[in-house]
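Listed here are the chains, written in short residue letters.
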Amino acid sequence: MITPNGSWTSPIEAADVAAAGGTPQWLDVVDGETWWAQSRPAEGGRVALLRATSGSGAQEVLPAPWNVRNRVHEYGGRPWVVVGGLLVFTNWDDQRVYAMDRASAKVDPITPAPSQPHGVRYGDLRPGLGGEVWAVRERSTGSRRADVARDLVALSASGAQPRVLAATHHFLTAPQISPDGRRAAWLGWDHPAMPWDGTQLCVADIAADGTFAAHRVVAGGAEVSVCQLEWESPDTLLALLDPDGWWNLHRISLGGEITNLAPVPAELGGALWRIGSRWFAPLGGGRHAVLNSGRLAVLDENTATVSPVAEAAELVAWSPTIAVHGDTVAGVAAGAVSEGAVVHVNLRTGTRSELAVPDEGGAWLPDPAFLPVPHERTFKSRSGEEIPAYVYPPANPDHATPEGELPPYLVHVHGGPTGRAFGVLDLGFAYFTSRGIGVVAVNYGGSTGYGRRYRERLREQWGVVDVQDCVDVAEALVTEGLADPDRLAVRGGSAGGFTSAASMTTVRTYRAGTVQFPILDLSGWTGEGGETHDFESRYLDSLVGPLPEAQGRYDERSPINNTDSLAGPVLFLQGLEDEICPPEQADRFVEALDGSGTAHAYLTFPGEQHGFRKAETIIAALEAELSFYGQVFGFATPGVPAVELRS
C-alpha cells in the first residue's frame, strides 16, 4: 500500500514498547544458578529479583513490594548479594539494606532508618569478613542535591550500627576482600574527575579487629582510569585500566609490577556510571571472558590475544554484568534482531541458550518484517574525523513510500554524554520506523567504545562537537538521498536532551526537536550552588571548562540563553522527581517560550526520576512524540492522542 511516511499502520503500539522496557540487569551466579534483577514497567518500574530454575524458566526471589534498587550516585550501584544463607539487598522505597533468610524467606532490615527520606543510601554490596556485607554508604549532609559524603562500611545481619572501614576519596567503590582475608581493594576518585578520567586502585591490610590500615595506591592515577578490579590471588589483582588509551586487562602485583595481559587497541572496559559493573570474569588457565566494545570475547594471556566468541557473534551488546560458572558465561545480551535477554554461552561445547523472561507481555515481538535492521555506518565529520552511527531505515511490509517522497528521519542522541549507542533491536525505534520514520543513532565524539582519544574529542567541546557530528550525519543521509531535508528532527534524553536543545538553538538542520529530562542551563546545573547531584556536579569542568575561567562558554552554550533562536517546535518530556536533571531547568525554558510564538509542548510525569520506568509514562511519552512529529511534518497519526502545542 502506498502511504505517506509517518502514517503507516503498525502492529507495534506504545504499550508494546513499554512492556519490553524491563531489560535484565545486575546478574550473578549463586550456587550454580543465574540470578538477576529486572525492572517491571507494569508495576511502576519496580525492580524485581529473579533466578533461573530448571524447567520453569524464572522464579521471583522477592515478592512485591520489594524494589531492589538504590540511589548511590543517583544511577545506582550493585543492589544485592548472597552471603551464606542470606540474601542481602537494598530497597528503593526507604533506601535501607535488608536481609532475607533463604530458608525461611523472613526479611529484616539491617541498617537504621534514615532521619530524612532517602537521606542515607547504600550500594555496590559485596561479601566481607565473617558474614558481613561491605558497601558504599552515601549520606546527605545539607539541603542541596550535591551535599553528600561517602564512606565504606561493613554491615552485619544482626542489625548493628554500620562499621566504618575507610573514607579515602569523595567517590568510592565497595571494598573487595582478598582470597586469604588479609587485604581489601577498592577504587576511589575525587572532584573534578569523573571515573573515566582518572581513578586510583587502593589496597589496605585488614587488622585483626576488622579495621583497615592506611591504604596505598597500586594502579591508576590522574590520567589513568580503572573501571573494574578482581582479586586473583592473595598477592595479585586483575583490573581494567587504560594507561595506553584503551581499557585493557592488567595483572597488578602488590610488589609494584603491572602487566598488560593482551595489549590491544580495543575497549575491554567502559564508563563506570554504576558501581559494581563487571566487564570481565576469569575463566581459569590464563583465560578470561571479556567484553570487547560490548561483544563477548575470550582473552588468552598465554597468547596475548582477544578472540570473539563465535557462538555469540550476533549478540553485539552485552551489558557489563557478566559472570562465569565452570565453562559457561552468563550475561545479558542483545542483538540486531533480539532484545536484551539472559544468555548462557558454554565455551567448551559451543552451545548457547537464552532464557526468555516475559514481563507483562514484554517477550512479544512482531513479524521481523516490521523490525528495522540497523546498518552500522561510519560517516565523516567536516573536520575529517570518523563518526560511527547506526541507521535504522523505515520497515513495514504493508506500506511503501509514495513516489517522490523521502522519509522523515530522527537523529537520536545518546545520553552520558560519556555513553554510546549499540546496533541492537530497539522497540522504541521500531515504533517509529514501522510507521515510515527513519532513525539514526550517532556515536558522536565523546562516546565510549573507541578509546580515550575519541572520548576526549569532547573535552571542553560539549555543545560543539556533539552538535556538529550529529549535523554531519544528518546531512550525509540527506546527500545520499535517504532522508527528507525538510523533515529532520533531533531527539535525546539527559545529556542527549542537552545536545538536542543546543542543536535546535544553534543550527538550522532540524525542523523539530524532542528534549527529554535535559540539561538546559549549564551554570545553573553545575558547581557549588548547582541544581544537579554530587556525582556529576563537576562533570562540566572537563566537558565545558573550569569555572570561573570558562564562564563565557557556559553562557554561550546554554540553550536557556538562546530560546529566541529556536529553529522550530520543541517537545519537552520531564520526570518531576528527577534529581539529576531537575524539572526546574525545563520549567524555566518553557516559561520563556510561552507567548513567544514558537510552538512547543511540555509534558511532566509525577513519580518519575531520571529516565522513564512506568508503563503509563512510556506510553504517553511515545504517543506524544509521534503526534508532535505528525503535526510539525504534516502527516496523520491515526489512533494516537494529539499532543497540544502552544506558542
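See the structure printed just above.
Report on the accompanying structure. Keep in mind it's a predicted model, so treat the numbers as computed, not measured. As a convention, each chain's residues are numbered from 1 in the sequence order in which they are written. Given that the model is predicted, a residue must reach a pLDDT of at least 70 before its local features are reported, and side-chain atom pairs must reach 80 or more before they are shown or counted; all residues, however, enter totals for whole chains, interfaces and linings. Values shown for side chains rest on all heavy atoms present in the structure; no hydrogens or waters enter the calculation.

### Side note on the overall build of the chain
- Every helix listed is a DSSP run of H or I at least four residues long, and every strand listed is a run of E at least two residues long, numbered separately from the N terminus. Within the chain, the secondary structure is distributed over 10 helices and 38 strands.
- Atoms counted for the radius of gyration: C-alpha only. Globule rule: 2.2 Å times the number of residues to the power 0.38. Here the C-alpha radius of gyration of the chain, 24 Å, is about what a compact globule of 647 residues would show, namely 26 Å.
- Overall size of the chain, expressed as C-alpha extent along the three principal axes, is 75 × 55 × 50 Å.
- A burial count over the chain gives 61% of its 647 residues as buried.
- In what follows, a contact means two residues having at least one pair of non-hydrogen atoms within 4.5 Å. Taking all contacts inside the chain whose residues are at least 6 apart in sequence as the whole, residues at least 24 apart take part in 57%.
- Accessible surface, the chain as shown: approximately 22900 Å² in total, 50% of it carbon and sulfur. Relative accessibility thresholds used throughout: buried, under 20% of the residue-type maximum; exposed, over 50%; partly exposed, between the two (1.4 Å probe, protein chains only). Using the Shrake-Rupley algorithm and a 1.4 Å probe, accessible areas are obtained, with residue cover drawn only from the displayed protein chains.

### Quick notes on empty space enclosed by the protein
- Within this scheme a cavity is a closed region of a 1 Å grid, computed over the protein atoms alone, that accommodates a 1.4 Å probe without allowing it to escape, whereas a pocket is open but has protein on both sides within 12 Å along at least five of seven lines; lining residues each have an atom within 4 Å of a point. Grid points are joined across faces, edges and corners, and a volume is the space filled by probe spheres set on the points. Tallied over the entire structure, the rule returns five cavities of 30 Å³ or more.
- Of the voids in this model, the largest cavity is the one considered here, and its volume is about 130 Å³.
- Lining the largest cavity are 13 residues, and of these Trp196, Asp197, Thr418, Arg455 and Arg459 sit closest to its centre.
- Elements with a contribution of two residues or more to the lining of the largest cavity: α3 (452-455) and α7 (540-543).
- Each residue receives one of three labels: charged for Asp, Glu, Lys and Arg, nonpolar for Ala, Val, Leu, Ile, Met, Phe, Trp, Tyr, Cys and Pro, and polar for the others, Gly being one of them. Grouping the amino acids of the lining of the largest cavity by side-chain chemistry returns five nonpolar, three polar and five charged.

### What about the layout of surface pockets?
- By volume, the second largest pocket is sized at about 670 Å³.
- Looking at the second largest pocket, it is lined by 33 residues, and the ones nearest its centre are Asp28, Arg126, Gln176, Glu230 and Arg278.
- Secondary-structure elements contributing two or more residues to the lining of the second largest pocket are β1 (24-30), β5 (80-83), β9 (120-127), β14 (176-177), β18 (226-233), β22 (280-284), β23 (287-292) and β27 (323-325).
- Here the element with the most residues in the lining of the second largest pocket is β22; it accounts for five residues.
- Grouping the constituent residues of the lining of the second largest pocket by class yields 18 nonpolar, six polar and nine charged.

### Details of the sheet that holds strand β31 (residues 375-380)
- Overall, mixed pairing links the eight strands, which are arranged β31-β32-β34-β33-β35-β36-β37-β38 in an open sheet. Of all strands in the sheet, those with a lone pairing partner are β31 and β38 (600-605), marking the two edges. If you compare each strand with its neighbour and ignore which way they point, the axes differ by 20° on average.
- Inspection of the sheet shows strand β37 (residues 570-575) paired to β38 by six bridges, in the parallel sense. Counted as the bridge partner of leucine 573 is leucine 603 from β38.
- Across the sheet, helix α5 (residues 495-506) is in contact with β33 (409-413), β35 (488-494), β36 (512-518) and β37; its angle to β35 comes to roughly 145°. Pairs of strands are assigned from DSSP output, requiring at least two bridges between the strands. To define axes, lines are fitted to C-alpha atoms, for helices over the stretch in contact only, and angles between the resulting N-to-C directions are given on a 0 to 180 degree scale.

### What to know about the pairing of strand β15 (residues 183-189)
- With respect to burial, β15 is a largely interior element, seven of its seven residues being buried.
- Where burial is concerned, the two faces of β15 agree: the one with Arg183, Ala185, Leu187 and Trp189 and the one with Ala184, Trp186 and Gly188 are both buried.
- Both β14 and β15 contribute to a ladder of two bridges, which runs antiparallel. When the bridges of β15 are listed, glutamine 176 appears paired with alanine 185.
- Hairpin connection between β14 and β15: a loop of five residues separates the two successive antiparallel strands, and glycine 181 in this loop has a positive phi of roughly 75°.

### A word on the packing of aromatic side chains
- What counts as a ring pair is set by centres within 6.5 Å for rings of Phe, Tyr and Trp (its six-membered ring), and what kind of pair is set by the plane angle: stacked under 30 degrees, edge-to-face over 60, tilted for all other angles. Evaluated as defined, the whole model comprises 25 aromatic pairs.
- Residues tryptophan 196 and tryptophan 273 carry aromatic rings whose centres are separated by 4.7 Å and whose planes lie at 40° to one another, so their mutual orientation is tilted. Of this pair, tryptophan 196 sits in the loop between β15 and β16 (200-205) while tryptophan 273 sits in the loop between β21 (258-260) and β22, and the two are 77 residues apart along the sequence.
- Ring geometry for tyrosine 392 and phenylalanine 429: centres 4.9 Å apart, planes at 75°, overall edge-to-face. Residue tyrosine 392 is located in strand β32 (residues 386-392), and its partner phenylalanine 429 is located in helix α2 (residues 427-433); the two are separated by 37 residues in the primary sequence.
- You can call tyrosine 392 buried: its relative accessible area is 1%.
- Among the residues examined, phenylalanine 429 registers a relative accessible area of 6% and is labelled buried.

What is shown is where atoms sit, not what they do.
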